[in-house]
Amino acid sequence: MPPKNSNSNTTNLGFRPLHDKLLVRRDKAEDRTKSGIYLPEKAKDTPKTGVIEAVGTGTLNTETGHLTPLSVKKGERVLFSSYAGTEIKLNDQEYLVMSEEEIMAVIED
């Protein structure tokens with residue numbers, strides 16, 4: 001197993017995204033409307049926001065040979081499209097693995 005480094009591209013989950021890939025923990029679905037009505041499981045919208053748990057090293061520019069780092073970092077909340085990423089399960093928690101290009105915006109508090 002490769003040694004863990006201090007960069008944000010490692011996790012304590014035993015998962016390290018490569019290149020331009022990100023590991024995102026999707027936000028939980030709302031179980032009530034703003035007026036307080038409880039939603040049944042089938043009526044809940046799948047959240048399109050989440051927190052980045054790990055990032056890859058970046059993309060390699062084939063012309064110059066330089067590594068271009070990603071513009072997002074671990075801990076940022078992001079907005080992504082409905083069908084972005086691939087769902088995976090790590091330690092009984094669901095995550096999405098997606099490319100940086102699937103991120104539409106960083107949500108700033």
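Worth saying up front: this structure is predicted, and the values here are computed from it rather than measured.

Notes on the overall build of the protein chain
Working step 1: Each helix and strand counted, the protein chain has 0 helices and 8 strands in total.
Working step 2: Mapped in sequence order, the helices and strands of the protein chain form the string β-β-β-β-β-β-β-β.
Working step 3: A burial count over the protein chain gives 32% of its 109 residues as buried.
Working step 4: Here the protein chain has roughly 7,900 Å² of accessible surface; of this, 49% comes from carbon and sulfur atoms.

Examining the pattern of salt bridges
Working step 1: Across all of its chains, the model carries 5 salt bridges by this definition.
Working step 2: Linking Glu76 and Lys73 is a salt bridge whose minimum nitrogen-to-oxygen distance equals 3.9 Å.
Working step 3: On the accessibility criterion, Glu76 (18% relative accessible area) is buried.

A word on the sheet that holds strand β1 (residues 21-26)
Working step 1: An order of β6-β7-β1-β2-β5-β8 is seen for the 6 strands of this open sheet, with the pairing classed as antiparallel. Each edge of the open sheet is held by one strand with a lone partner, namely β6 (86-90) and β8 (103-107). Strand-to-strand twist of the sheet, defined as the mean angle between neighbouring strand axes without regard to direction, takes the value 45°.
Working step 2: Strand direction decides the pairing type here: strand β2 (residues 49-55) and strand β5 (residues 77-80), joined by 3 bridges, are antiparallel. Pairing of Gly50 across the sheet is with Val78, part of β5.

Quick look at the confidence of the model for the protein chain
Working step 1: With 77% of its residues at a pLDDT of at least 70, the protein chain reaches an overall mean of 81.
Working step 2: When the criterion is pLDDT under 50, residues 1-8 qualifies, and its contacts beyond four places in sequence or with other chains add up to 7 contacts.

How each quantity is defined
- Residues numbered from 1 in each chain as written.
- Predicted model: local features only at pLDDT ≥ 70, side-chain atom pairs only at ≥ 80, totals over all residues.
- Heavy atoms only, no water.
- Helix = DSSP H or I, 4+ residues; strand = E, 2+ residues; numbered from the N terminus.
- Buried < 20%, exposed > 50% of the residue type's maximum accessible area, 1.4 Å probe, protein only.
- Areas by Shrake-Rupley, 256 points an atom, 1.4 Å probe, with all protein chains shown as cover.
- Salt bridge = Lys/Arg side-chain N within 4 Å of Asp/Glu carboxyl O.
- Pairing = 2+ DSSP bridges.
- Axes fitted to C-alpha atoms, helices over the stretch in contact; angles between N-to-C directions.
- pLDDT = per-residue confidence, 0-100.
- Contact = heavy atoms within 4.5 Å.

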